[in-house]
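The primary structure of each chain is shown beneath.
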Amino acid sequence: KNVMHATRDVPPFLDLMKRLGADPYTTPVSCPQSTGYGGAMGPSQFIASTWKLYENKLKVNLGVATPDPWMAQHAIMATALFLKDLKADRQTYSAEREAAGRYYAGGNWQKSGLGYASSVLTYAEKYQNDIDFLKGV
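Summarised in this report is the structure supplied together with it. Here the residue numbering is sequential within each chain, running from 1 through the sequence in written order. Given that this is a predicted model, residues contribute local features only at a pLDDT of at least 70 and side-chain atom pairs are listed and counted only at 80 or more, while totals for whole chains, interfaces and linings are drawn from all residues. Each side-chain value is derived from all of the structure's non-hydrogen atoms; neither hydrogens nor water enter the calculation.

A word on the overall build of the chain
- What counts as a helix is a DSSP run of H or I of at least four residues, what counts as a strand is a run of E of at least two, and both are numbered from the N terminus. From N to C terminus, the chain includes six helices and zero strands.
- Along the three orthogonal principal directions, the C-alpha set of the chain runs to about 50 × 35 × 25 Å.
- Accessible surface, the chain: about 8800 Å² in total, of which carbon and sulfur atoms supply 55%.
- Charge separation in the chain, taken as the distance between the mean sites of 15 positive and 12 negative side-chain charges, equals 6 Å. Where accessible areas are quoted, they stem from the Shrake-Rupley method and a 1.4 Å probe; at the residue level, only the protein chains shown are allowed to cover. In this tally Asp and Glu are treated as negative and Lys and Arg as positive; neither His nor the chain ends contributes. In plain terms, the charge of a residue is placed at NZ if it is Lys, CZ if Arg, CG if Asp and CD if Glu.

Digging into a nonpolar patch on the surface
- On the surface, a cluster of nonpolar side chains totalling about 260 Å² of accessible area is made up of Tyr104, Tyr116 and Val120.
- The topology assignment puts Tyr116 in helix H6 (residues 114-135). Residues qualify for a patch when their relative accessible area is over 30% and they have no salt bridge, like charges being joined within 9 Å and the nonpolar side chains of Val, Leu, Ile, Met, Phe, Trp and Tyr within 5 Å. Criterion for a salt bridge: a side-chain nitrogen of Lys or Arg within 4 Å of a carboxyl oxygen of Asp or Glu.

Comments concerning the environment of Thr79
- Considering the arrangement of structural elements, one finds Thr79 in helix H3 (residues 72-85).
- Think of it in three bands: residues with accessible area under 20% of the maximum for their type are buried, residues over 50% are exposed, and the middle band is partly exposed, with areas taken using a 1.4 Å probe on protein chains only. For Thr79, a relative accessible area of 16% corresponds to the buried category.
- Note: C-alpha distance between Thr79 and Val120 (41 residues apart in sequence) is 14 Å.
- Aside from chain neighbours lying at most four places away, what touches Thr79 is Ser44, Phe46 and Tyr103. Should any heavy atoms of two residues lie within 4.5 Å, those residues are counted as being in contact.

Structural notes on the environment of Asn2
- Looking at the element boundaries, Asn2 is found in the segment before helix H1 (10-20).
- Given the relative accessible area of 33%, Asn2 is considered partly exposed.
- Once the C-alpha coordinates of Asn2 and Tyr127 are considered, the two residues, 125 residues apart in sequence, prove to be 35 Å apart.
- Residues in contact with Asn2, not counting those within four places in the same chain, are Pro32, Gly36, Tyr37 and Gly38.

Focus on the layout of surface pockets
- Reported here for the largest pocket is a volume of approximately 1200 Å³.
- A pocket, in this scheme, is an open set of points on a 1 Å grid over the protein atoms alone with protein on both sides within 12 Å along at least 5 of 7 lines, while a cavity is a set where a 1.4 Å probe fits but cannot get out; residues line either one if an atom lies within 4 Å of a point. Lining the largest pocket are 36 residues, with Arg102, Tyr103, Tyr104, Ala105 and Gly106 positioned closest to its centre.
- The set of elements that each furnish at least two residues to the lining of the largest pocket consists of H3, helix H4 (93-105) and H6.
- At seven residues, H4 tops the list of elements feeding residues into the lining of the largest pocket.
- For the lining of the largest pocket, the residue count by class is 17 nonpolar, 14 polar and five charged. Grid points are joined across faces, edges and corners, and a volume is the space filled by probe spheres set on the points. Any residue outside Ala, Val, Leu, Ile, Met, Phe, Trp, Tyr, Cys, Pro, Asp, Glu, Lys and Arg is labelled polar, Gly included; the first ten of those are nonpolar and the last four are charged.

Some remarks on the packing of aromatic side chains
- Within 6.5 Å between ring centres, the rings of Phe, Tyr and Trp (the latter by its six-membered ring) count as paired, and their orientation is classed by plane angle as stacked under 30 degrees, edge-to-face over 60, tilted in between. In this structure the tally under the stated criterion is seven aromatic pairs.
- Ring geometry for Phe46 versus Tyr103: centroids 5.8 Å apart, planes at 70°, classification edge-to-face. Within this pair, whereas Phe46 is found in the loop between H1 and helix H2 (48-62), its partner Tyr103 is found in helix H4, the two being separated by 57 residues in sequence. Tyr103 shares its class with Phe46; the two are buried.
- Every member of this aromatic cluster is reached through a ring pair, and the members are Phe46, Trp51, Tyr54, Phe82 and Tyr103.

Here it is in structure tokens:
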């Protein structure tokens, strides 16, 4: 129950599984959350309907017939494209916070995505501090 949104995500998930030659009943996806649905795929945790929005861009950028959300290269490229579309490329704290929140919770980001966004930005700051330290060596 609630593994995936029945009308929004199940049809594109089944279509993707067919094109990848994978079994939709044994392919791992995320578990349902305490509220909402699960069904997120691969290392970047895309839901099937969002993945479908990026497939054509991924085909062009990666030169593959069927992008695979379980392949790290494909997932990372999709994440970059998605975050760019969410305006994270403005490189301001507020833009990156909103993009991270929207990545997690879509249009409900201000209610359900701010905790996730805060966590992401804390990691980003730590990584940036590590990079800045190494540049100084």
